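A closer look at the structure
As a plain string of letters, each chain reads:
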Amino acid sequence: MKAYWVKTGKLIKKLFNGFVWDIPNNNNIVYLTFDDGPTPEITEWVLGVLKKYDIKATFFCIGNNIKKHPEIFKKVVDDGHTIANHTYNHLNGWKTKKESYLENTFACEEVIKGFTHEEYTTKLFRPPYGKIKSSQAKVIKDKGYKIIMWDVLSADFDKTITPEKCLENVTENTKEGSVIIFHDSVKAFPNLEYALPRAIEYLKKKKFRFEAMH
C-alpha cells in the first residue's frame, strides 16, 4: 500500500479545511507547482518547458538548495514564477520539534528575501511530505502564510510507478481549480521528463488554463 494519495478526497479537505487543497474558480484555471528545487539542470529543464508553453507556475523551494544554487533560483525569479517556502532542509513536521521546525521554515524565508532583494510577499508554504503538526501550522499561519497542500499528486518521486502512470495520475484527476504537484528533483526526473510536457499538452487541449499562485 502506497503512503500517499494521488487525488485528495473531500473528507480530507473538510477535516483539514485550514489548508489550501484547491482553488475553485469558474475560468478553467489550474495550478502547476514544483517542490524541492532549485536543482541543477532539472529546474532549468522545467523552466524551458514552461517557457515553451507560456505557463507561469509556483516553485516551493528548499532554502538550502537556493543557497547552493542561487543562479538557478534567479532564473526562476526572472522568468516570473511565484516563489514559495518549503523549509530550509526539507523537514518532516511530524518528526521535528515545533521550535526547530519553525526556525527552519523562517530560515528559508530569510534566504528567499536575501536572494530576491525585495520584500518577500507571496507567503505560501508547503510542508514537505504534507506532514505538519497543528501547533506548527498555527504559528506559520499566524505569520501570514497560506499553507498549500494539493488536489492532484503526480507521484513523480515514486520510482515504482511508470512514467505513463505518472502522466495518468495528472490527466485523470485534474479538474478546474486543481493544485498539481510535480518535483524538480533528481529522484523525480525520469517520470517528470515524460509526464510534464504531455500533461500540459493534454490539459491545454481540454481548455485548461495555467496560473501561478499568489
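Residues numbered from 1 in each chain as written. Predicted model: local features only at pLDDT ≥ 70, side-chain atom pairs only at ≥ 80, totals over all residues. Heavy atoms only, no water.

**Observations regarding the overall build of the protein chain**
Our working rule: Strands here are runs of E lasting at least two residues and helices are runs of H or I lasting at least four, both read from the DSSP assignment and numbered beginning at the N terminus. The contact definition used throughout considers only heavy atoms, calling two residues in contact when any of these lie within 4.5 Å. Where accessible areas are quoted, they stem from the Shrake-Rupley method and a 1.4 Å probe; at the residue level, only the protein chains shown are allowed to cover. His is not counted, nor are the chain ends, whereas Lys and Arg count as positive and Asp and Glu as negative. For charged residues, the charge sits on one atom: NZ in Lys, CZ in Arg, CG in Asp, CD in Glu.
A count of helices and strands for the protein chain gives eight helices and eight strands. The principal-axis extents of the C-alpha atoms in the protein chain amount to approximately 45 × 40 × 35 Å. Partitioning the contacts of the protein chain with sequence separation of at least 6, the portion at a separation of at least 24 is 75%. Of the accessible surface of the protein chain, which amounts to about 10,600 Å², a share of 54% is contributed by carbon and sulfur atoms. Positive and negative charge centroids in the protein chain, built from 34 and 27 side chains respectively, lie 5 Å apart.

**Thoughts on helix α8 (residues 189-205)**
How we decide: One fewer than the residue count of a helix, multiplied by 1.5 Å, yields its expected span. What we call the bend at a residue is the angle made by axes fitted to the seven residues finishing there and the seven residues starting there. The buried label goes to any residue with under 20% of its type's maximum accessible area, the exposed label to any with over 50%, and the partly exposed label to all in between, with areas taken from a 1.4 Å probe on protein chains only.
The first and last C-alpha atoms of α8 sit 24 Å apart over 17 residues, in line with the 24 Å expected at 1.5 Å per residue. The sharpest bend along α8 comes to roughly 30°, located at Ala195, with the proline Pro197 sitting one to four residues further on. Every buried residue belonging to α8 is among Phe189, Asn191, Leu192, Ala195, Leu196, Pro197, Ala199, Ile200 and Leu203, and all of these are buried. As for α8, its buried residues are in contact with β1 (29-35), α2 (42-52), α7 (163-171), β7 (179-183) and β8 (209-210).

**Regarding the layout of surface pockets**
If a probe as big as a water molecule is rolled over the atoms, it shows which places are left empty. What counts, and what does not: Think of a 1 Å grid over just the protein atoms. A cavity is a set of points where a 1.4 Å probe fits yet cannot get out, a pocket is an open set with protein on both sides within 12 Å along at least five of seven lines, and lining residues have an atom within 4 Å of a point. Grid points are joined across faces, edges and corners, and a volume is the space filled by probe spheres set on the points. Polarity classes work like this: nonpolar for Ala, Val, Leu, Ile, Met, Phe, Trp, Tyr, Cys and Pro, charged for Asp, Glu, Lys and Arg, and polar for all others, with Gly in that last group.
One number sums up the size of the largest pocket: a volume of about 900 Å³. Lining the largest pocket are 37 residues, and of these Pro128, Tyr129, Gly130, Lys131 and Trp150 sit closest to its centre. Of all the secondary-structure elements, those providing two or more residues to the lining of the largest pocket are α1 (10-15), α6 (134-142) and β7. Of the residues contributing to the lining of the largest pocket, the split by class is 20 nonpolar, nine polar and eight charged.

**Some thoughts on the side chain of Thr87**
Let me state the cut-off plainly: Pairs of N or O atoms within 3.5 Å make up the polar contacts considered here, provided that, within protein, one atom can donate a hydrogen while the other can accept it, and that residues adjacent in sequence are counted only when both atoms are side-chain atoms.
Among the structural elements, Thr87 can be located in the loop between β3 (82-85) and α5 (98-116). Reaching out from Thr87, the side chain makes a polar contact with the backbone nitrogen of Leu91 at a distance of 3.3 Å.

**Describing a nonpolar patch on the surface**
Basically, it comes down to this: Each patch is built from residues lacking any salt bridge and having more than 30% relative accessible area; the joining distance is 9 Å for like charges and 5 Å for nonpolar side chains (Val, Leu, Ile, Met, Phe, Trp, Tyr). In what follows, salt bridge is the name for a side-chain nitrogen of Lys or Arg lying within 4 Å of a carboxyl oxygen of Asp or Glu.
On the surface, Leu11, Leu15 and Phe16 cluster together to form a nonpolar patch covering roughly 340 Å² of accessible area. On the secondary structure map, Phe16 appears in the loop between α1 and β1.

**Examining the pattern of salt bridges**
As enumerated under the stated definition, the model contains 14 salt bridges in all. Among the salt bridges present, the one from Asp151 reaches Lys13, with a minimum N-O distance of 2.7 Å. With a gap of 138 residues between them, Asp151 in the loop between β5 (146-147) and β6 (152-153) and Lys13 in helix α1 connect regions that are remote in the sequence. The class of Asp151 is buried, set by a relative accessible area of 0%. With relative accessibility at 16%, the residue Lys13 sits in the buried group. Its salt-bridge partner being Asp78, residue Lys74 comes within 2.7 Å of it at the nearest N-O pair. Separated by four residues within a single helix, Lys74 and Asp78 lie in helix α4 (residues 70-78), roughly one turn from each other.

**As for the packing of aromatic side chains**
Rule in force here: Aromatic rings from Phe, Tyr and Trp, with only the six-membered ring used for Trp, were paired whenever their centres fell within 6.5 Å, and each pair was classed as stacked if the ring planes differed by under 30 degrees, edge-to-face if by over 60, and tilted otherwise.
Under the counting rule described, the total for this entry stands at 11 aromatic pairs. Residues Tyr4 and Phe157 carry aromatic rings whose centres are separated by 5.2 Å and whose planes lie at 75° to one another, so their mutual orientation is edge-to-face. Of the two residues, Tyr4 is situated in the segment before α1 and Phe157 in the loop between β6 and α7; the sequence distance between them amounts to 153 residues. Overall, the relative accessible area of 24% leaves Phe157 in the partly exposed class. Where Phe106 meets Tyr145, the ring centres are 6.4 Å apart and the plane angle is 40°; that geometry is what we call tilted.

**Quick look at α4**
Filter applied, for reference: The arc under discussion is defined with respect to the helix axis, by the directions toward the C-beta atoms.
Within α4 the residues assigned to the buried category are Ile72, Phe73 and Val76. Along α4, the residues classed as buried sweep out an arc of 100° about the axis, all on the same side. The secondary structure elements touched by the buried residues of α4 are α2, β2 (58-61), α3 (63-68), β3 and α5.

**Focus: the packing of α2 against α8**
Our working rule: Here the axes come from fitting lines to C-alpha atoms, over the contacting stretch only for helices, and the angles between their N-to-C directions go from 0 to 180 degrees. These descriptions rest on fixed angle ranges, namely under 35 degrees for roughly parallel, over 145 for roughly antiparallel, 65 to 115 for roughly perpendicular, and the rest for oblique.
Interaxial distance between α2 and α8 falls to 11 Å at its minimum, and their mutual angle equals 10°. Between α2 and α8, the crossing angle belongs to the class labelled roughly parallel. Contacts between α2 and α8 involve Ile42, Trp45, Val46, Val49 and Leu50 from the first element and Phe189, Leu192, Glu193, Leu196, Pro197 and Ile200 from the second. Its residues assigned to classes, the contact of α2 with α8 comprises 10 nonpolar, no polar and one charged.

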